[in-house]
Amino acid sequence: MTTVHIRPLDPLQDAELIHPWVTDAKATYWMMQGFRLQDVEREYMAIAANPHHDAFIGLVDGTPAFLMERYDPARAELVGLYDAQPGDVGMHFLVAPTDTPVHGFTRTVITAVMRELFADPATARVVVEPDVRNTAVHALNEAVGFVPERQIRKPEKKALLSFCTRAQFEAATGAAV
């Protein structure tokens with residue numbers, strides 16, 4: 001059985017770990033291609049300093065395997081782009097690149113991320129805004145209960161605004177949270 005543990009990201013300690021993840025060619029939608037190690041460290045220091053944005057490292061069976069970000073969409077990322085509701089939590093996730101992909105691994109990761117977010121009883125709904133061209137993540141989002149609402153224009157991309165309530169997540173995955 002796979003075990004997943006999520007811990008806070010330490011920008012100074014973890015920048016070297018995540019630098020190859022966020023700059024990998026497959027992480028194009030993370031928009032950090034060309035970032036130097038110092039740029040990644042600076043980016044995550046800014047997140048650590050922001051009271052409305054947090055970053056985490058996900059470990060699968062003890063091995064660092066994904067990056068997760070949680071943010072308050074009423075105060076970061078989506079300010080003014082939709083009507084935020086109490087209990088809304090924004091989320092980003094990135095699976096570490098690998099030469100030996102495991103079928104179903106990314107779905108395991110997004111399910112663990114959603115469980116982590118819904119473990120907080122104050123979380124009523126998870127909000128995502130992936131690039132409209134990222135069809136792979138749209139399919140993953142829908143598999144765990146996200147419902148697309150509409151396209152929005154962010155400064156850096158055209159995004160598909162989607163929402164997932166606790167009930168939608170539980171119905172889609174059979175996971176009680």
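For the structure itself, consult the block above.
Residues numbered from 1 in each chain as written. Predicted model: local features only at pLDDT ≥ 70, side-chain atom pairs only at ≥ 80, totals over all residues. Heavy atoms only, no water.

A. View of the pairing of strand E3 (residues 63–71). Pairing geometry for strand E2 (residues 53–60) and E3, over 8 bridges, is antiparallel. Opposite Gly 58, over in E3, you have Phe 66 as the bridge partner. Between E2 and E3, which pair antiparallel one after the other, the connecting turn spans 2 residues, and Asp 61 there sits at a positive phi close to 50°. (Pairing = 2+ DSSP bridges. Helix = DSSP H or I, 4+ residues; strand = E, 2+ residues; numbered from the N terminus.)

B. Geometry of the sheet that holds strand E7 (residues 157–165). Strand order across the open sheet formed by 7 strands is E1-E2-E3-E4-E5-E7-E6, with mixed pairing between neighbours. Of all the strands in the sheet, just strand E1 (4–8) and strand E6 (147–154) have a single pairing partner and so form its edges. Each strand axis lies, on average, 30° off the axis of its neighbour in the sheet, ignoring direction. Strand contacts of helix H1 (residues 11–22): E1, E2, E3 and strand E4 (88–95), with the helix running at about 85° to E3, the strand carrying the most contacts. (Axes fitted to C-alpha atoms, helices over the stretch in contact; angles between N-to-C directions. Contact = heavy atoms within 4.5 Å.)

C. Geometry of the nonpolar core. Counting residues in hydrophobic clusters, the biggest one holds 25 residues, and the most contacted among them are Phe 66, Met 91, Phe 93, Val 113, Met 114 and Phe 146. For this core, the secondary-structure elements that each account for two or more residues are E2, E3, E4, helix H3 (105–118), strand E5 (125–128) and helix H4 (135–143). With 6 residues, H3 is the single largest residue contributor to this core. Those residues in contact with Phe 93, other than ones at most four positions away along the chain, are Trp 30, Leu 67, Met 68, Thr 106, Val 109, Ile 110, Val 113, Val 137 and Leu 140. (Core = buried A, V, L, I, M, F, W, Y, C linked by side-chain atoms within 4.5 Å. Buried < 20%, exposed > 50% of the residue type's maximum accessible area, 1.4 Å probe, protein only.)

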